[in-house]
Structures are given as C-alpha cells and as structure tokens.
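Below are the chains, spelled out letter by letter.
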Amino acid sequence: MNDPLRRLKFLPWIPLLQISLITVLIAIALDVLLTRTAVAVPVILNLLSKLLSSPIGVLIGLAVPVGIGALAVAILERWFQQVMITNATLWALVPCVALWLFLKSLVPIPTALVPDISIVSLVGVVLGVFWKGRPYWR
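Worth saying up front: this structure is predicted, and the values here are computed from it rather than measured. (Residues numbered from 1 in each chain as written. Predicted model: local features only at pLDDT ≥ 70, side-chain atom pairs only at ≥ 80, totals over all residues. Heavy atoms only, no water.)

## Concerning the overall build of the protein
Next up, step 1: Across its full length, the protein carries six helices and zero strands.
Next up, step 2: In the protein, the succession of helices and strands from N to C terminus is α-α-α-α-α-α.
Next up, step 3: Taken over the C-alpha atoms alone, the protein extends approximately 65 × 25 × 25 Å along its principal axes.
Next up, step 4: Across the 138 residues in the protein, those meeting the buried criterion constitute 33%.
Next up, step 5: Sequence separation of 24 or more characterises 78% of the internal contacts of the protein that already satisfy a separation of 6 or more.
Next up, step 6: Entry remark: accessible area of the protein is about 8,700 Å², with carbon and sulfur atoms responsible for 73%.
Next up, step 7: The centroid of the 10 positive side-chain charges in the protein is displaced by 6 Å from the centroid of its 4 negative side-chain charges. (Helix = DSSP H or I, 4+ residues; strand = E, 2+ residues; numbered from the N terminus. Buried < 20%, exposed > 50% of the residue type's maximum accessible area, 1.4 Å probe, protein only. Contact = heavy atoms within 4.5 Å. Areas by Shrake-Rupley, 256 points an atom, 1.4 Å probe, with all protein chains shown as cover. Lys, Arg positive; Asp, Glu negative; His and termini not counted. Charge placed at Lys NZ, Arg CZ, Asp CG, Glu CD.)

Written as structure tokens, this is what we have:
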C-alpha cells in the first residue's frame, strides 16, 4: 500500500525554511527602511500616507505578499541551486513562508507593508510563488 505522505518526507524542508526566513527578513528590512526613511523625511511620509490611504493602497496591500512569494522563488533559484525545483517544492515553499509570516506576527516588529498571516496574504504568497515559478510547473 502506498504511503501518501511519503513524498512529503523527501522534500528539502530545511533549505525551504531557510529560504523563507531569508525572504521574510529581507521584506521586513525593506519595510523598516522605508518606514524609517518616511519618518525622517516628511515629504515621503506625506506621500506614503496618501498613497496607502487611497484605493491604490489596497493594491499595494495585495502586491506585497505576491512580491514576497516571488522573492522566495528568486532566492531559491539564485542561492539554493542544489535544491531541485518542482511543483511539490513550490507547494512546500508556501507553508514555509506562511510559518515565518505567522512567527513575525508574534514578534512586535513595526511594519507598515509586510502583512501578518491572513487568507489574503496566503493567497498572495501562492500567486507570487507560482507566478515566478511558472517554468517549474511540469
């Protein structure tokens, strides 16, 4: 009898968790850098607050998780070339990113754009991973 979870055992979980951690840390660093810059320069703060309170702010809120998912695949392609990228690897990357986003929500890091884990952010990460990972679908 086949074990349906057997395939999960052989996925590269440790590199995927490392990739996800690097991705979320880069996103947090960019977010904190943007926030600190906006606080230091009032013109940028005014522009950023107007931008995020407009309807474009909703699109930005949706685009950030997509960018995080795409960044995770880009890091996987560039820095972890020993990991064979398959459809299953891409699917395993999604819960790894979701795990780090959940753990980020437990730590009081003030971020303006990097979302806490939610259905919207999870769907955005899935879209980003599979949009950037399109060549590896087969």
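Text resumes after the structure shown.
## Section: the packing of helix α5 (residues 87-106) against helix α6 (residues 119-132)
Next up, step 1: Interhelical geometry of α5 versus α6 gives an angle of 145° and a closest axis separation of 10 Å. Note on packing geometry: the crossing formed by α5 with α6 is right-handed. Judged by residue contacts, N87, L90, W91, L93, V94, V97, A98 and L101 of α5 engage L122, V125, V126, V129 and F130 from α6.
Next up, step 2: Here the contact of α5 with α6 is built from residues that sort into 12 nonpolar, one polar and no charged. (Axes fitted to C-alpha atoms, helices over the stretch in contact; angles between N-to-C directions. Left-handed = near helix turned anticlockwise from the far one by under 90°. Nonpolar A, V, L, I, M, F, W, Y, C, P; charged D, E, K, R; others polar.)

## Topic: the pattern of salt bridges
Any two side chains of opposite charge can pair, given that their charged atoms come close.
Next up, step 1: Applying the stated rule across the entire model yields two salt bridges.
Next up, step 2: A salt bridge links E77 to K132; its shortest N-O distance comes to 3.7 Å. Here K132 lies in helix α6 and E77 lies in helix α4 (residues 55-79), a separation of 55 residues in the sequence.
Next up, step 3: We classify K132 as partly exposed; its relative accessible area is 29%. (Salt bridge = Lys/Arg side-chain N within 4 Å of Asp/Glu carboxyl O.)

## Observations regarding a nonpolar patch on the surface
Next up, step 1: Taken together, the side chains of L99, F102, L103, L106, V107, I109 and I117 present a nonpolar region at the surface, about 550 Å² in accessible area.
Next up, step 2: Among the secondary structure elements, L99 is positioned in helix α5.
Next up, step 3: Of the residues examined, L99 reaches a relative accessible area of 37% and is grouped as partly exposed. (Patch = residues over 30% accessible without salt bridge, like charges linked within 9 Å, V, L, I, M, F, W, Y side chains within 5 Å.)

## Some remarks on the nonpolar core
Next up, step 1: I19, L76, L93, V97 and V129 are the most contacted members of the largest nonpolar core, which has 27 residues in total.
Next up, step 2: For this core, the secondary-structure elements that each account for two or more residues are α2 (13-40), α4, α5 and α6. (Core = buried A, V, L, I, M, F, W, Y, C linked by side-chain atoms within 4.5 Å.)

## Points about the environment of V97
Next up, step 1: Note on placement: V97 falls in helix α5.
Next up, step 2: Residues V97 and Q18, 79 residues apart in the sequence, show an inter-C-alpha distance of 9.6 Å.
Next up, step 3: If we ignore the near neighbours within four places in the chain, the residues touching V97 are S20, V24, I68, A72 and V125.

## Points about the side chain of S121
Next up, step 1: By the element assignment, S121 lies in helix α6.
Next up, step 2: Its relative accessible area of 1% is what places S121 among the buried residues.
Next up, step 3: Look past the residues within four positions of S121 in its chain and what remains in contact with it is P65, P115 and D116.

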